[in-house]
Amino acid sequence: MLKFDEHLAEMSRSDQHEAESRLIRALEHLLKMRCEQIPEAVRERNARGWQGTIDEQRRRLLRLIQMHGSLKPHLRNMDLSKAHREALKALHVEWPSVDLPGNCPFTLEEIVGEEVMKELRE
């Protein structure tokens, strides 16, 4: 049986993982929207769905931060290059021929949006 502090630590890791996953998913869809190697007709056809996914991940991330304020320092200090690599892996499953730069072209604010950044600053 887990001790209370071990249980809290496990919950914290789980919350951190969920926050990272949501950030990576939003980043993946931002990359799709801006990737010039994906045909423009495909980007136009999928833009609403991709934007919807970005918006949903931002909403869920905001809710998670509001529920667990201890996530703020974790997200503020998150390694965007790691998140970018993970997003690229997911992107390459769907678009294996796409070759994107190794550096993340977005800031944390661009990925998570204004509402989440406002909450992270508080």
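The present account deals with the structure reproduced in this document.

Rules of the game
Residues numbered from 1 in each chain as written. Predicted model: local features only at pLDDT ≥ 70, side-chain atom pairs only at ≥ 80, totals over all residues. Heavy atoms only, no water. Helix = DSSP H or I, 4+ residues; strand = E, 2+ residues; numbered from the N terminus. Buried < 20%, exposed > 50% of the residue type's maximum accessible area, 1.4 Å probe, protein only. Areas by Shrake-Rupley, 256 points an atom, 1.4 Å probe, with all protein chains shown as cover. Lys, Arg positive; Asp, Glu negative; His and termini not counted. Charge placed at Lys NZ, Arg CZ, Asp CG, Glu CD. Salt bridge = Lys/Arg side-chain N within 4 Å of Asp/Glu carboxyl O. Core = buried A, V, L, I, M, F, W, Y, C linked by side-chain atoms within 4.5 Å. Expected span 1.5 Å × (residues − 1). Arc of directions from axis to C-beta. Contact = heavy atoms within 4.5 Å. Bend = angle between axes of the 7 residues up to and from the residue.

**Things to note about the overall build of the protein chain**
Across its full length, the protein chain carries five helices and zero strands. Seen through its C-alpha atoms, the protein chain measures out along the principal axes to roughly 55 × 30 × 25 Å. Here the protein chain holds 122 residues, and 39% of them are scored as buried. About 7800 Å² of surface is accessible on the protein chain, with carbon and sulfur atoms providing 50% of the total. When the 20 basic and 22 acidic side-chain charges of the protein chain are each reduced to a single mean position, those positions are 2 Å apart.

**Some remarks on the pattern of salt bridges**
Tallied over the full model, the rule gives nine salt bridges. A salt bridge links E109 to R121; its shortest N-O distance comes to 3.4 Å. Owing to a relative accessible area of 56%, R121 belongs among the exposed residues under this scheme. Salt bridges sharing common partners tie together R25, E28, K32 and E94.

**Brief notes about the nonpolar core**
In globular proteins that are soluble, nonpolar side chains generally tend to be buried together. Membership of the largest hydrophobic core comes to 34 residues, with the highest contact counts inside it found for L23, L31, L75, I111 and V112. For this core, the elements supplying multiple residues, two or more each, are α1 (4-34), α2 (40-67), α3 (71-76), α4 (80-94) and α5 (108-121).

**Quick look at α4**
Along an α-helix, residues three or four apart share an orientation, since each turn contains 3.6 residues. Taking 1.5 Å of rise per residue, 15 residues should cover 21 Å, and α4 covers 21 Å from first to last C-alpha, within 8% of that figure. Among the residues of α4, L80, A83, H84, A87, L88 and L91 are the ones counted as buried. Buried residues of α4, viewed axially, fall in a sector of 140°; they line one side. Projecting away from the buried face of α4 at angles above 90 degrees are the exposed residues K89 and V93.

**Topic: the environment of R76**
Relative to the elements of secondary structure, R76 occurs in helix α3. C-alpha of R76 to C-alpha of E110: the two residues are 34 residues apart in sequence and 13 Å apart in space. Once residues within four sequence positions are removed from consideration, R76 is found in contact with L108, L120, R121 and E122.

**Re α2**
Taking 1.5 Å per residue as the helical rise, α2 with its 28 residues ought to reach 40 Å, and the 39 Å between its terminal C-alpha atoms agrees with that figure. At N46, α2 shows its maximal kink, close to 55°. Turning to α2, its buried residues number three or more, namely V42, R43, W50, T53, I54, Q57, L61, L62, L64 and I65.

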